[in-house]
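Examining the three-dimensional arrangement
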Amino acid sequence: MATIRQAKVGERIKRELAELLQKEMRDPRLHLVTITGVDVARDFTVARVFISVLGSPEEKASALKALQGAAGFLRGHLGKALDMRTIPTLSFRYDTGIERGARMYELLREEQQALAQNQEAAAHLPEDDREGDLPYDREDDRTTEPEGSR
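Now for a look at the structure at hand. All of these numbers come straight from a predicted model, not from anything done at the bench.

Considering the sheet that holds strand β1 (residues 33-40)
Read from one edge of the open sheet, three strands run β1-β2-β3, paired in mixed fashion. Of all the strands in the sheet, the pair left with one neighbour each is β1 and β3 (89-94). Looking at each pair of strands side by side, their axes are set apart by 30 degrees on average, direction ignored.

Here we look at the pattern of salt bridges
As enumerated under the stated definition, the model contains six salt bridges in all. Of the charged contacts, one joins Glu16 and Arg12 as a salt bridge, the two residues approaching to 3.5 Å between their closest N and O atoms. Within this pair, Glu16 and its partner Arg12 are both found in helix α1 (residues 4-23), separated by four residues, close to a single helical turn. The salt bridge partner of Arg109 is Glu106, with a shortest N-O separation of 3.0 Å.

Here is what the cut-offs are and how they apply
- Residues numbered from 1 in each chain as written.
- Predicted model: local features only at pLDDT ≥ 70, side-chain atom pairs only at ≥ 80, totals over all residues.
- Heavy atoms only, no water.
- Pairing = 2+ DSSP bridges.
- Helix = DSSP H or I, 4+ residues; strand = E, 2+ residues; numbered from the N terminus.
- Axes fitted to C-alpha atoms, helices over the stretch in contact; angles between N-to-C directions.
- Salt bridge = Lys/Arg side-chain N within 4 Å of Asp/Glu carboxyl O.

As C-alpha cells, this is what we get:
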C-alpha cells in the first residue's frame, strides 16, 4: 500500500508529465497518449508510469517505444520541476484498464439490447404462449384430489 507521500509524489509526476507531453514533446507518435497513473516505489527510485493510447496495436507499441526513448529527457525536466533529492527513474507501462472497461460497457450494452428485443418479442405473443403463464398456473386446469383422499 502506498504511503500518502508516495501518492502525492505520484500525482505530481503525473501532472508534470502530462504537461510535458502536451507542451514540450513534438513526436507525432505521442499525439494520443494519456497518462492514467503513476506508482512510485517506497524508496522513490523508480516511478511506473501507466499510459493509455488510442489507436491500433502498432501505434500503441510505437508510442510506448517513443516514451521509453524519451525517459531521460522527461526525467531531466521532472528534476527541474520537483523538489526532491533524487528523481525517480521512469518506467512506462501500458494500462489496459480503460480498454477492459470499454469492452465491458459494450458487452453490457449488447446484453441490454438483446433483453429489450426478447421482451418486445414476448409482448407480441398470444396470451397462451407467454412465459410464466403455464397451464398448471391457471386455476381451471389444476387437478383436484378426489374427495375421499383426505
